[in-house]
Amino acid sequence: MNSGKYKDPKVVFSPKMENNTTVISREELEELQEAFNKIDIDNSGYVSDYELQDLFKEASLPLPGYKVREIVEKLLAVADNNKDGKINFQEFVSLIQELKSKHISRTFRKIINKREGITAIGGTSSISSEGTQHSYADFLFSEEEKVAFVNWINKALADDPDCKHLLPMNPSDGSLFKSLADGILLCKMINLSEPDTIDERAINKKKLTPFTISENLNLALNSASAIGCRVVNIGAQDLKEGKPHLVLGLLWQIIKVGLLADIEISRNEALIALLNEGEDLEELMKLSPEELLLRWVNYHLTNAGWPNIKNFSQDIQDSRAYFHLLNQIAPKGEQGDKPAIAIDLSGFNEKNDLKRAGLMLQEADKLGCRQFVTPADVVSGNPKLNLAFVANLFNTYPCLYKPDNDIDMNLLEGESKEERTFRNWMNSLGVNPYINHLYSDLADALVVFQLYEMIRVPVDWSQVNKPPYPALGGNMKKIENCNYAVELGKNTAKFSLVGIAGQDLNEGKSTLTLALVWQLMRRYTLNVLSDLGEGEKVNDEIIIKWVNQTLKNAKKNTSISSFKDKSISTSLPVLDLIDAIAPNAVRQEMIKRENLSEEDKLNNAKYAISVARKIGAQIYALPDDLVEVKPKMVMTVFACLMGKGLNRIK
């Protein structure tokens, strides 16, 4: 979430603060951000003074109306730095600190937190994020997390010959930021998380210059965006300078994509074993990877006769749940595919939490799964690192077996490439909540409203029903939202939505939902072009004319008649256009031009997409879209390249 524009772009929450101001702990800060997000449903980065009462309720500080009015009159005069009647997250945290220091804190939720504190930095990019405050929830990182990321990269890329000059990094110093600065490691990590996202032929690996380093970083950023990472307000210069909060924020997203990739039922049918009694498969399929991971842990804890956990922070701090989990998933040798591994449970009764965590991790090491956490990370309940630790356990030893019950396997088809492209596009823009499942996560239209505002279609948020929805009639509230979303599309955005009703969006009818999402993406793309063209309306005809004129001016032999032109399957018009826009970016020896097989076409397409991203075009299309000449995605490729070409002229 973009938390608004602040006068001071940096706010530090440290273990010791002057004037006896109450310290905001890491867990509290994350919970406050979550509460703020729920009230700031339009994603503006602000809440109004009249929304403060709801915000205090979400922050577990319910106050009567008269008390809120007193706060508005007295304390708000200090907290509302801009005097605009709106409160951004920074001001909200200051307000909470003020309230807690006035001994109102006894009404807060009791949070046990033994950690010393954490630094939260809102940073700016001199190129792409001037004056923009980054989300606290996105960029809260500790030294322990930096160490964990370094160790993970050192192990994951240890055998990569292109990384020998960078690895191993020293986890105790700033090696990470220096090693990521040339873009090679980032590109490699993206391919590790989502294989074949980047064509390695496009990575500049030798005789690097400031220019070729910038190309690598652009390739990494645009490729990260294409796999659904939020890269808004992050520029190549930020990464080159090694700005810690931005580097760690991006790196965590990339690592997380890879760790959670297979925790999805269409990719791993054994997850059906996690169905609760009386639960439909469709309900299970709506769960996020994090929710499935939590259910997986509890599945094994139930089998062990141990109480379930609710989170990867407080509930795992004593390590005892982990002992049982390791004992359940360790190979017993019955299948003969892996040797039996005996988990020593004697450490379970160790009285010291830190020592118990250390003994537990010794057992995890037997499984080759000690990554991400130290004993201190377990005891402190670090949510990011414990999520990563458990995800790695799942990926290595899931220990699940698909039940032999009657289940409609047609439901497990999984998302199409087009659906994945749309989902990644939305997530890269920073929509809230994160979209895990395209249809079920759009069922209340809240993300659609955010996208409307991004394409400059105004939303009357007073007409929008906000979560939490009531148990009875909650779905009707969602349908009302969907009706309003369709109405906005038809009447304000002037989309073609014939035969589409709000209920279709709510029920996730694929064809109809995709029709709306595609028009949102198309408008977003064309708006970028319109801005570069100083407001001139852009359509398919104008894009095609520009493409052909640019190719002609560069004395290229290729051209396109439409976005359905079969010659696009070779990717040669795309590659020639890139060469016309950015001479020397395309290595001609990498291109096959004659007697192309299907494999040759795919190789050309992979190279074309990666080089386009390398020169700065934020392309979401897949190589298959070019080979199969998918008109919608083909249009976005040429439109993005046109935008890059116009931007270079300006």
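Residues numbered from 1 in each chain as written. Predicted model: local features only at pLDDT ≥ 70, side-chain atom pairs only at ≥ 80, totals over all residues. Heavy atoms only, no water.

Draft legend 1. Quick look at the pattern of salt bridges. In total, this model carries 29 salt bridges according to the counting rule given. The shortest N-O distance in the salt bridge between Lys243 and Glu241 comes to 3.8 Å. Ionic pairing is found between Lys592 and Asp600, a salt bridge with its closest N-O pair at 3.0 Å. For Lys592, a relative accessible area of 37% puts it in the partly exposed group. Taken together, the salt bridges that share partners define one network made up of Asp160, Asp162, Lys188, Glu200 and Lys205. (Salt bridge = Lys/Arg side-chain N within 4 Å of Asp/Glu carboxyl O. Buried < 20%, exposed > 50% of the residue type's maximum accessible area, 1.4 Å probe, protein only.)

Draft legend 2. The arrangement of the packing of aromatic side chains in detail. Evaluated as defined, the whole model comprises 11 aromatic pairs. Ring centres of Phe149 and Trp252 lie 5.9 Å apart, and the angle between their planes is 10°; this geometry places the pair in the stacked category. Taken together, the residues Phe149 in helix α6 (residues 143–156) and Trp252 in helix α11 (residues 244–260) connect sequence positions 103 residues apart. Residue Phe149 shares its accessibility class with Trp252, and that shared class is buried. Ring-pair connections join several aromatic residues into one group, and the members of that group are Trp306, Phe323 and Phe348. Over the face of the ring belonging to Phe348 we find Arg320, whose NZ or CZ atom lies 5.3 Å from the ring centre. (Phe/Tyr/Trp six-rings, centres within 6.5 Å; stacked < 30°, edge-to-face > 60°. Helix = DSSP H or I, 4+ residues; strand = E, 2+ residues; numbered from the N terminus. Lys NZ or Arg CZ within 6 Å of the ring centre and 35° of its normal.)

Draft legend 3. Just the nonpolar core, in detail. Ranked by internal contacts, the top residues of the largest apolar core, which has 178 residues, are Trp296, Met426, Phe449, Tyr452 and Ile543. Considering each element in turn, this core owes the most residues, 11 residues, to α11. Here Tyr452 is in contact with Val457, Val459, Ala485, Leu488, Gly489, Ala493, Phe495, Leu516 and Leu520, once residues within four sequence places are set aside. Residues Leu29, Phe36, Ile39 and Val93 belong to the second largest nonpolar core, which totals 15 residues. (Core = buried A, V, L, I, M, F, W, Y, C linked by side-chain atoms within 4.5 Å. Contact = heavy atoms within 4.5 Å.)

Draft legend 4. Geometry of the packing of helix α9 (residues 210–226) against helix α25 (residues 598–614). The interhelical angle for the contact between α9 and α25, taken along N-to-C directions, is 115°, at an axis separation of 7 Å. By the angle class used here, α9 and α25 are roughly perpendicular. Of α25, the residues touching α9 (which contributes Glu215, Asn218, Leu219, Asn222, Ser223 and Ala226) are Ser610, Arg613 and Lys614. Tallied by class, residues from the contact of α9 with α25 come to 2 nonpolar, 4 polar and 3 charged. (Axes fitted to C-alpha atoms, helices over the stretch in contact; angles between N-to-C directions. Parallel < 35°, antiparallel > 145°, perpendicular 65-115°, else oblique. Nonpolar A, V, L, I, M, F, W, Y, C, P; charged D, E, K, R; others polar.)

Draft legend 5. Main features of the confidence of the model for the protein chain. Summing up the model confidence of the protein chain, the mean pLDDT is 85 and the portion of residues at 70 or higher is 80%. Note on residues 1–21: pLDDT under 50 across the span, and 69 contacts to partners over four residues away in sequence or across chains. Per-residue pLDDT stays below 50 along residues 102–139; that stretch engages in 113 contacts with residues further than four places along the chain or on separate chains. (pLDDT = per-residue confidence, 0-100.)

Draft legend 6. Structural context of the side chain of Ser288. Position of Ser288 relative to the elements: it lies in the loop between α12 (281–285) and α13 (289–303). Residue Ser288 is classed as buried on the basis of its relative accessible area, which comes to 11%. Once residues within four sequence positions are removed from consideration, Ser288 is found in contact with Asn436 and His437.

Draft legend 7. The packing of helix α23 (residues 540–553) against helix α24 (residues 572–581), seen in detail. Between α23 and α24, the least distance of the axes is 9 Å, while the angle of their chain directions is 65°. It follows from the interaxial angle that α23 and α24 lie roughly perpendicular. In terms of crossing hand, the pair formed by α23 and α24 is left-handed. Where α23 abuts α24, its residues Trp546, Val547, Thr550 and Leu551 lie against Pro573, Asp576, Leu577, Ala580 and Ile581. Grouping the constituent residues of the contact of α23 with α24 by class yields 7 nonpolar, 1 polar and 1 charged. (Left-handed = near helix turned anticlockwise from the far one by under 90°.)

Draft legend 8. Broad picture of the environment of Ala443. Along the chain, the position of Ala443 falls in the loop between α18 (417–428) and α19 (446–454). Under the relative-accessibility criterion, Ala443 is labelled buried at 11%. A sequence separation of 59 residues divides Ala443 from Gly502, and the C-alpha atoms of the two residues are 9.3 Å apart. Ala443 has contacts with Lys478, Cys482, Leu505 and Asn506, leaving out every residue within four places of it along the chain.

Draft legend 9. View of unusual backbone geometry. In this structure, the amide linkage connecting Asn432 to the following residue, Pro433, adopts the cis form with an omega of 10°. Relative to the assigned elements, Pro433 resides in the loop between α18 and α19. The omega torsion of the bond from Pro467 to Pro468 falls at 5°, within 30 degrees of zero and hence cis. Note that Pro468 resides in the loop between α19 and α20 (474–491). Here the phi dihedral of Cys399 falls at roughly 50°; this positive angle occurs in a residue that is not glycine. For Asn595, which is not glycine, the phi torsion reads 50° and is therefore positive. Tracing the backbone through its elements, the reader meets Asn595 in the loop between α24 and α25. By relative accessible area, Asn595 is classed as exposed at 75%.

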